[in-house]
2 protein chains.
Amino acid sequence: MSEQNFEMEHQQALHNLKQGLPDDTDLEAMVNIFKAFGDMTRVKIILALSETPLSVGEIADTLDMSQSSISHQLSILKQLNLVSNARRGRNIHYRLSDQHIITIFNQTKEHIIEDDNDF
Amino acid sequence: MSEQNFEMEHQQALHNLKQGLPDDTDLEAMVNIFKAFGDMTRVKIILALSETPLSVGEIADTLDMSQSSISHQLSILKQLNLVSNARRGRNIHYRLSDQHIITIFNQTKEHIIEDDNDF
DNA sequence: TGAATATATGAGCATTCATTCATATATGAA
DNA sequence: TTCATATATGAATGAATGCTCATATATTCA
């Protein structure tokens, strides 16, 4: 294919882009989830919960962080439907609401591994 | 399996967790990538670049944002190896460095779609 | 009921971060 | 070389965010 054809396709694509991009309200849900994943504490909580359901106190112990801090972060994860909870006696047990999440983590790790090959 | 066995497995899992969680330096790379995805502007840039390589100016036009703002965000994406660039005449063309990224976006969208079914 | 334990929540604070503005750098054209 | 265009960059600013501290709520146990 000729240089001109590439250029035409590019112009075409460029023109379509402005309309074609999903609008803010559609993207917001995705961005919010990535925001949630963009914090070390929340990532560790998620990784811990991927092994077994845990109470708030157990998570705080595991991560060596305050109960309050963990509770705040859990409420963010819950609002995004990333975790769900259920009271069991005095404790409240949290669990991952969707194993999908771990797939996303793994996919991202793979991206990083590929990077390491460029040098 | 009995209630006690569940409890024992839980204790076992809990005990393993504190050692088992990846340490901060390992997680940081992943967290940084999610941080990058956790911003509307950067997500839009990535989506645009997934259609076709674009110059800085073209991106700024497409997203209706200042050249400076786009340039700042591109430098963040570049540092994370999410995009690469090449000068072409007066312009600098950016492209996605890895199509993996779009897979991650799609996977995340699927998570959201599943959520919508709970009501 | 009262004490102890587990969790949630709101305010305050320090930090991070996205954008803007001004300006520097690099390229192509005249 | 000089001008115009494209991009990068640093400082400043306002908004968002994560943690702490104090306190409220809920549950169990004696």
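Being a predicted model, the structure only gives us computed values, none of them experimental. (Residues numbered from 1 in each chain as written. Chains lettered and ligands numbered in written order. Predicted model: local features only at pLDDT ≥ 70, side-chain atom pairs only at ≥ 80, totals over all residues. Heavy atoms only, no water.)

Draft legend 1. Inspection of the overall build of chain A at higher detail. The helix and strand tally for chain A stands at six helices and three strands. Starting at the N terminus, the α and β elements of chain A follow one another as α-α-α-β-α-α-β-β-α. For 119 residues, the compact-globule estimate of 2.2 N^0.38 gives 14 Å, and chain A exceeds it by more than 25% at 21 Å. A total of 119 residues make up chain A; the buried ones form 42% of that total. Within chain A, residue pairs in contact and separated by at least 24 positions form 49% of the contacts whose partners lie at least 6 positions apart. As displayed, chain A has an accessible area near 6,900 Å², and 46% of this comes from carbon and sulfur atoms. Where the 10 positive side-chain charges of chain A centre and where its 18 negative ones centre are 18 Å apart. (Helix = DSSP H or I, 4+ residues; strand = E, 2+ residues; numbered from the N terminus. Rg over C-alpha atoms; globule rule 2.2 N^0.38 Å. Buried < 20%, exposed > 50% of the residue type's maximum accessible area, 1.4 Å probe, protein only. Contact = heavy atoms within 4.5 Å. Areas by Shrake-Rupley, 256 points an atom, 1.4 Å probe, with all protein chains shown as cover. Lys, Arg positive; Asp, Glu negative; His and termini not counted. Charge placed at Lys NZ, Arg CZ, Asp CG, Glu CD.)

Draft legend 2. Here's a closer look at the interface of chain A and chain B. Of the residues lining the interface, 51 residues belong to chain A; the matching set on chain B comes to 51 residues. Between D64 of chain A and K18 of chain B there is a salt bridge, and its shortest N-O distance comes to 3.5 Å. Where chain A touches chain B, the interface holds 13 residue pairs in polar contact (both at pLDDT 80 or more). Only α1 (3–20), α2 (24–37), α3 (40–51), α4 (56–63) and α6 (100–116) of chain A provide two or more residues apiece to the side of chain A that touches chain B. Top element by residues in the side of chain A that touches chain B is α6 of chain A. It accounts for twelve residues. Tallied by class, residues from the side of chain A that touches chain B come to 25 nonpolar, ten polar and 16 charged. (Salt bridge = Lys/Arg side-chain N within 4 Å of Asp/Glu carboxyl O. Polar contact = N/O pair within 3.5 Å; in protein donor to acceptor, adjacent residues only side chain to side chain. Nonpolar A, V, L, I, M, F, W, Y, C, P; charged D, E, K, R; others polar.)

Draft legend 3. Summary view of the UniProt feature "domain: HTH arsR-type" (unreviewed entry) in chain A. UniProt records the feature "domain: HTH arsR-type" (unreviewed entry) at residues 22–116 of chain A, using the numbering of this structure. Taken as a whole, residues 22–116 of chain A contains 67% helix and 15% strand, while its terminal C-alpha atoms sit 32 Å from one another. (UniProt positions renumbered as here; feature names shortened; annotations may be inferred.)

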